[in-house]
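Coordinate inspection notes
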Amino acid sequence: MPSYSGGLGVLAGDTIRAAADLRLPMVAVSLLYRKGYFTQRLAEDGSQTEEPVSWRVEDFLTEEPARASVPIENRRLELRCWRYSVMGVHGFEVPVYFLDADLPSNTEFDRNLTGSLYGGDSYYRLCQEVVLGVGGVRMLRALGYNDLTRFHMNEGHAALLSLELLGEEAQKAGRTSIRSEDIQRVRGKCVFTTHTPVPAGHDRFPMEYLTRVFPEQMNFFDLSDASAADLVKRILQAVQNVSGLQEAARQGASVNMTQLALSLSTYVNGVAKQHGETSRQMFPEVVIEAITNGVHAGTWTCPAFQQLFDRYIPSWREDNFSLRSALGLPTEDVWAAHLIAKHELLEVVRTKTGLHLDSEVFTIGFARRATGYKRADLILSDLDRLRQIARDAGPFQIIYAGKAHPNDAGGKDIIRRIYKAKKALRKNVPTVFLDDYNLELGGKMTSGVDLWLNTPQFPLEASGTSGMKAALNGVPSLSILDGWWVEGHIEGVTGWSIGDSRRGAGNGTPTDNQAEAESLYSKLESVILPLYYGERHKFLEVMQHAIAINGSFFNTQRMVQQYITDAYLR
């Protein structure tokens, strides 16, 4: 199945795998996108073009007989769903249902709602969120899931499910409009995770769009009820009470999907401790906890390390925490497993680019979605300094990968800048950019490099998970102290920091790119390269600590267990 370059879907997949491993009775719902995925093509200068990827849904998914419908404008949109089963280590299954509107009974506009990832304008996007939120609940009911105790919303995209649950509660009570007791019951069922540390990342839609989508729901909230009136005020971000939804639309009000989810959830969390703090600054009126993300250990550990763990830590798949005993692994076996992964990556480089990189040379990896705040080119700020470090401290090479969103001109520009630097560094610091970044390439890179580099602009990295994948394979990080690395970093033990901690430094504090680039160069020159070339046994100790401390904790098994105790059973 094709995947997009962003990490939220990868995280969702890892969460479901961990739930299956833990035999957690869970079901997942998403939209089915036939289009919007692309093969990345890079020209000689690094200019990105996209070739659409098509795929046959029935080759991967099984169609279910169940049907559900949702109202859009004055039409009934019919939905079907397709099932994908995720199997856990003990054979327990968690189903993923993909909602599909591409049915002959629907209008062309409606059929295309599940047609394209990130397609269309904001009205199209709102209709997609109606399909996901309202249609998702209705499809679950059609499939026989009538006893669900928690609905977990990832981001505000699914927030409209709360309105469907409110409607269910009112209907049970024989009413058509929502009152405080409905709100209370629904709040007890919903859990919300925010992944976005910037206000622009939270969906807002003009109220006029909602009155257009749901023309018959203008009296959905009983505004004579104080709780219902307060809820409407919060989701519309209104200063004063509105007399009705139609009036709010006329006044140009907009609906904030994040506020809807926040207002109707019993538990809200950010995805790292630092991100929890950032989220509390954005939404000071809400109690926001933090559950730090993880990665699925069985998926992201490369075959060579899987075999090593199977031999010495046989319980590691069922109990990821047992990876803490990686400190007792024979160092020669750790190094041998690492070299196998490194050779595999360098073979990918040779196949994709024709370049023969030297496996003896220290290799730095950077693979993220190409976008401004991730600052993929920070290490390339001073090319003369890089040449000097390679000459004086020891040779090194850099492997890049990452797609830019088709509409992200800034992200595409970053790739071109990397290509320009690559040309200039050709004789001194071999640099490659591997095209068409995907899950398989991501796995090869996070296991095959000697150092994982991460340079986000603080505080814009909500969590980040690529460094966690690297840690499972004994690859330490050199990273800005943001996202998960604030918790995973022990200087010189699990890896190294770029710059100092900025916790409590307020979001408005400007970033000093030059100072952070200098910190990066200094660590590379005076600490990391001398360790790798001069004291390999000490570098191996850092590798083993990365597995034992970070690999054993920053995994979705621990994360899902935390959701169970903190959110689902609350």
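Note that residues are indexed from 1 along each chain, following the sequence as it is written. The predicted origin of the model limits local features to residues at a pLDDT of at least 70 and limits the giving and counting of side-chain atom pairs to 80 or more, whereas totals for whole chains, interfaces and linings rest on all residues. Neither water nor hydrogens contribute to the side-chain values; these are computed over all heavy atoms in the structure.

Some remarks on unusual backbone geometry
Cis geometry marks the peptide bond from F458 to P459, where omega comes out at 0°. Turning to its location among the elements, P459 is positioned in the loop between β17 (451-454) and α17 (466-472). The residue R23 is not glycine, and still its phi comes out positive at about 55°. Secondary structure is summarised from DSSP: a helix means a run of H or I of at least four residues, a strand means a run of E of at least two, and numbering begins at the N terminus for each. With respect to the helices, strands and loops of the structure, R23 is situated in the loop between α1 (8-21) and β1 (28-31). Think of it in three bands: with a 1.4 Å probe and only protein chains considered, a residue is buried below 20% of the maximum accessible area for its type, exposed above 50%, and partly exposed in between. Exposure remark for R23: the relative accessible area of 48% places this residue in the partly exposed category. Even without a glycine there, the phi angle at R375 is positive, about 50°. The topology assignment puts R375 in the loop between β14 (362-367) and α14 (383-392).

With respect to the nonpolar core
Counting residues in hydrophobic clusters, the biggest one holds 97 residues, and the most contacted among them are L166, M207 and F221. Sorting elements by how many residues they give to this core places helix α3 (residues 122-142) first, with 11 residues. Residues count as neighbours in contact if any of their non-hydrogen atoms are within 4.5 Å of one another. Discounting chain neighbours no more than four positions away, the residues touching F221 are L163, L166, S177, I178, A228, L231, V232 and L245. The definition of a nonpolar core used throughout is a set of buried Ala, Val, Leu, Ile, Met, Phe, Trp, Tyr and Cys residues joined through side-chain atoms within 4.5 Å. Counting residues in each nonpolar core, the second largest holds 70 residues, with W300, I313, I415 and L453 among its members.

A few points about helix α19 (residues 513-534)
To estimate how far a helix should extend, the number of its residues minus one is multiplied by 1.5 Å. If you check α19, its first and last C-alpha atoms are 30 Å apart, about what 22 residues at 1.5 Å a residue would give, namely 32 Å. The largest bend along α19 measures about 40° and falls at L524. Within the span of α19, buried status applies to E516, A517, S519, L520, Y521, K523, L524, E525, I528, L529, L531 and Y532. To obtain the bend at a residue, axes are fitted to the seven residues ending there and to the seven starting there, and the angle between these axes is taken.

Comments concerning a nonpolar patch on the surface
Residues M1, F60 and Y84 make up a contiguous nonpolar surface patch of about 280 Å² in total accessible area. Within the fold, F60 resides in the loop between β3 (48-52) and β4 (62-63). In this analysis, a patch consists of residues with relative accessible area above 30% that form no salt bridge, clustered at 9 Å for like charges and at 5 Å for the nonpolar side chains Val, Leu, Ile, Met, Phe, Trp and Tyr. Only the protein chains shown count as covering a residue, and every accessible area follows the Shrake-Rupley method with a 1.4 Å probe. A carboxyl oxygen of Asp or Glu within 4 Å of a side-chain nitrogen of Lys or Arg is what we treat as a salt bridge.

Quick word on the sheet that holds strand β8 (residues 151-154)
When DSSP locates at least two bridges between a pair of strands, those strands are taken to pair. Pairing is parallel across the open sheet formed by 4 strands, whose spatial order is β8-β9-β12-β13. Each of the sheet's edge strands pairs with one partner strand only, and the pair in question is β8 and β13 (289-290). Two elements, strand β9 (residues 190-193) and strand β12 (residues 267-270), share 3 bridges in a ladder whose sense is parallel. Considered in β12, the bridge of V191 is made with Y267.

Here's the deal with the pattern of salt bridges
Within the structure shown, the criterion is met by 48 salt bridges. Note that R179 and D225 form a salt bridge whose closest N and O atoms lie 3.5 Å from each other. Taken as a pair, R179 in the loop between α4 (161-172) and α5 (180-187) and D225 in the loop between α6 (207-213) and α7 (226-235) lie far apart in primary sequence, 46 residues in all. Connected via shared salt-bridge partners are R34, E63, R67, E78, R80, D100, D102 and R111.

A few points about the pairing of strand β5 (residues 68-72)
Summarising burial for β5: 4 of the 5 residues are buried, a large majority. If you look at the hairpin formed by β5 and strand β6 (residues 75-87), you'll find 2 residues sitting between the two strands, and E73 has a positive phi there, around 55°.

Here's the deal with the sheet that holds strand β18 (residues 477-480)
Pairing in this open sheet of 6 strands is parallel, and the strands run β16-β15-β14-β17-β18-β19 from one edge to the other. In this open sheet, the two strands that pair with only one neighbour each are β16 (431-434) and β19 (495-498). On average, adjacent strands in this sheet sit at an angle of 20° to one another, irrespective of strand direction. Sheet analysis places β14 next to strand β15 (residues 396-401), joined by 6 bridges and oriented parallel. Residue pairing for β15: G365 is matched across the bridge by I399. Here the axes come from fitting lines to C-alpha atoms, over the contacting stretch only for helices, and the angles between their N-to-C directions go from 0 to 180 degrees. On top of the sheet, helix α13 (residues 331-353) reaches β14, β15 and β16; it is set at about 80° to β16, its chief contact.

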